[in-house]
Amino acid sequence: MERVRRILHCDLNSFYASVELLSHPELKEQPVAVCGNPENRHGIILAKNEAAKKFKIQTAETVYQAKRKCPDLILLPPHHDLYRHYSKIINEIYNEFTDRVEPFSIDESWLDVTDTMHLFGGSGTAMGDLVRETVKERTRLTISVGVSYNKIFAKLGSDYKKPDAVTVITPQNYKTLLWPLPVTDLIYVGKSAFRKLKCYGIRTIGDLAVSDRSVLSHDMGKMGEMLHDYANGLDDSPVRSATEPREVKSVGHGNTFSKDLENMEEAKKGLYPLAETVAKRLKGYHLKCRGVQVMIKDPDFRQISRQITLSHPTQLFKEIFDAAAALVDKYWDFTKGIRMLTVTGINLVSADTCEPEQLTLFGTDSFEKREKLERVEAAMDKLKEKYGDAIIYTGTALEKTEHKEKDPSE
């Protein structure tokens, strides 16, 4: 008989806001939101407490929009170092219950407690309650816990009842509890996927579960098949420890600018540090990219994403920069400024196993130039490693556009 897994998904409730309120307990019952600095172009809501949720304050909406809903909303600045500190502490607590802990984001983690459940109460419900109470006792923060037999349903369980609650999703109750939920509650159903699903009249997880899998496969490929499986509880993906090595599938870096970029010259200056960081990280991973992707966001938060396949794998800054600049130049209309840029190296391969570049009939000029460029960039990297990034620049970098760097994963 196959053993049934027990997976917990632990989600910190209103994490940023809850951490801030540890220093401001007097504000606990008042509507509070954490936001970026409007003067630095980061004036959006990052998190809100339970009192603010009653006014339908939404994460990622502007401070202006939030204030219209709740004029008395109290705004607090973020302290990301503090959030990382508490995230580390809480994941260390999770590791006391199992060595199979997989962080999903700064405030969410999966725990596989199949092999340790008998040590802590003998059931998923008892285990969820014990983890929840331990986190609250040691940190004064609360979590919601989903308990199920797979990762997808465990995550839906942690979202089902908040705050400070445990919800158990079983093979017997998942249709009753989960199928009426909006399909957008399912992991990986973003705006693009929802638009496609809506064309088939799919609005709930139940609609998705009973839909024709072959039709979804034809229209959405493997993503359609995967979402159909998820809605039916067909997920056997393992909970992977944070210490396990993971395959790097892309390397990207982005930033939001303090002033809109209004022409191609400014865009190139903005692209420079992004391409430089991507190249540096590729070299650190000992990888090369076969393609480059650029994501562009305008002042109204509309965005486009474009990519190009390279003639040969690369980890050279210049080639990544040139490809990114060509994409912006070809696809962006500067009647709209650029608020944010992200450059990503995609279709990665090992730097050791890359196929050699195909030479032309007229000699090896291109190959020799790339070899020379590799030597130049290697020398620059060594200088920067020894003396700091400011020790040397290429001509493109001498007049960098003012920016504030941001990891796209944040």
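Residues numbered from 1 in each chain as written. Predicted model: local features only at pLDDT ≥ 70, side-chain atom pairs only at ≥ 80, totals over all residues. Heavy atoms only, no water.

With an unreviewed UniProt entry as reference, the protein is termed DNA polymerase IV, source organism Eubacterium maltosivorans. Comment text from UniProt for the protein, heading Subcellular location (unreviewed entry), reads "Cytoplasm". According to UniProt, the comment filed for the protein under the heading Sequence similarities (unreviewed entry) is "Belongs to the DNA polymerase type-Y family." (UniProt positions renumbered as here; feature names shortened; annotations may be inferred.)

Participant: Any chance you could break down the UniProt feature "site: Substrate discrimination" (unreviewed entry) in the protein for me, citing the residues and the numbers?
Facilitator: Sites flagged by UniProt as "site: Substrate discrimination" (unreviewed entry) map to Tyr16. Overall, Tyr16 belongs to the buried group, its relative accessible area being 18%. When neighbours within four sequence positions are excluded, Tyr16 is seen to be in contact with Val34, Leu46, Ala47, His80, Tyr83 and Ile106. (Buried < 20%, exposed > 50% of the residue type's maximum accessible area, 1.4 Å probe, protein only. Contact = heavy atoms within 4.5 Å.)

Participant: Help me get a handle on a nonpolar patch on the surface, residues and values and all.
Facilitator: On the surface, a nonpolar cluster with roughly 270 Å² of combined accessible area is contributed by Phe104, Tyr188 and Met223. Residue placement: Phe104 occurs in strand β5 (residues 101-105). (Patch = residues over 30% accessible without salt bridge, like charges linked within 9 Å, V, L, I, M, F, W, Y side chains within 5 Å. Areas by Shrake-Rupley, 256 points an atom, 1.4 Å probe, with all protein chains shown as cover. Salt bridge = Lys/Arg side-chain N within 4 Å of Asp/Glu carboxyl O. Helix = DSSP H or I, 4+ residues; strand = E, 2+ residues; numbered from the N terminus.)

Participant: Quick one: what's the story with the pattern of salt bridges, residue by residue and with numbers?
Facilitator: Applying the stated criterion to the full structure yields 21 salt bridges. The closest approach of N and O atoms between Lys53 and Glu50, which form a salt bridge, is 3.1 Å. Taken as a pair, Lys53 and Glu50 lie in helix α2 (residues 50-53) at a separation of 3 residues, close to a single helical turn. Note on Lys53: relative accessible area 33%, which makes it partly exposed. On the basis of relative accessibility, which here comes to 33%, the residue Glu50 falls in the partly exposed class. The residue Arg213 makes a salt bridge to Glu225 at a minimum N-O spacing of 3.9 Å. Of this pair, Arg213 sits in helix α10 (residues 213-220) while Glu225 sits in helix α11 (residues 222-231); the two residues are 12 residues apart in sequence, bridging distant segments of the chain.

Participant: Outline the environment of Asn263, listing residues and values.
Facilitator: Within the secondary structure, Asn263 is located in the loop between β9 (251-261) and α12 (264-285). Sequence-wise, Asn263 and Trp332 are 69 residues apart; in three dimensions their C-alpha atoms are separated by 9.7 Å. Side-chain polar atoms of Asn263 contact the backbone nitrogen of Glu265, separated by 3.2 Å. Separated by 2.8 Å, the side chain of Asn263 and the backbone nitrogen of Glu266 make a polar contact. (Polar contact = N/O pair within 3.5 Å; in protein donor to acceptor, adjacent residues only side chain to side chain.)

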